[in-house]
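Notes for the structure review
Chain residues, written in single-letter form:
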Amino acid sequence: MTHNRPCAATGLISYRYNGPFGFIMIGATDHQDAINEANRSLTGARAVMENLEIWNEKKGCYENV
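A brief structural summary. Quick caveat, the model's predicted, so the values are computed rather than measured.

1. Remarks on the pairing of strand β1 (residues 13-19)
Counting buried residues in β1 gives five out of seven residues, a clear majority hidden from the surface. With seven bridges connecting them, β1 and strand β2 (residues 22-28) associate as antiparallel partners. Across the sheet, residue Arg16 finds its bridge partner in β2, namely Met25. In textbook terms, the turn of a hairpin is the stretch between consecutive antiparallel strands, and for β1 and β2 this stretch comprises two residues. Where β1 meets strand β3 (residues 52-56), three bridges bridge the pair, whose relative direction is antiparallel. Bridging from a neighbouring strand, Tyr15 pairs with Ile54 of β3.

The following block contains the structure:
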C-alpha cells in the first residue's frame, strides 16, 4: 500500500497526514513545511501536528511527529 512506505522525492522527508478522508502523502523539508502542505490539501479544517507522521528509516515505518 502506498501509504505504508516513503513517497517523498529525493532531498525531502516523507510525511503523511491523517486527514478526514485518509492519508495525505507529503514530501517536505521539516515539520512546519509538512503542516503547510497538509493545509493546502484540507478544506474547511486546519492541520494539527497530532495528525502528522514522519517516516522512520531505521524502523521502516511511519511514527508520530
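Here the narrative resumes, following the displayed structure.
2. Here's the deal with the pattern of salt bridges
Evaluation of the coordinates by the stated rule reveals three salt bridges. Here Arg16 and Glu53 are joined by a salt bridge, their closest N and O atoms 2.5 Å apart. With a gap of 37 residues between them, Arg16 in strand β1 and Glu53 in strand β3 connect regions that are remote in the sequence. With a relative accessible area of 9%, Arg16 lands in the buried category. The exposure class assigned to Glu53 is buried, which follows from its relative accessible area of 15%. The salt bridge involving Lys59 is made with Glu63; its shortest N-O contact spans 3.3 Å.

3. A few points about the side chain of Arg16
Of the polar contacts made by the side chain of Arg16, one reaches the side chain of Asn4; its length is 3.3 Å. A polar atom in the side chain of Arg16 sits 2.5 Å from the side chain of Glu53.

Procedures and definitions
- Residues numbered from 1 in each chain as written.
- Predicted model: local features only at pLDDT ≥ 70, side-chain atom pairs only at ≥ 80, totals over all residues.
- Heavy atoms only, no water.
- Buried < 20%, exposed > 50% of the residue type's maximum accessible area, 1.4 Å probe, protein only.
- Helix = DSSP H or I, 4+ residues; strand = E, 2+ residues; numbered from the N terminus.
- Pairing = 2+ DSSP bridges.
- Salt bridge = Lys/Arg side-chain N within 4 Å of Asp/Glu carboxyl O.
- Polar contact = N/O pair within 3.5 Å; in protein donor to acceptor, adjacent residues only side chain to side chain.

The quantities given are spatial measurements derived from coordinates; they are silent on function.
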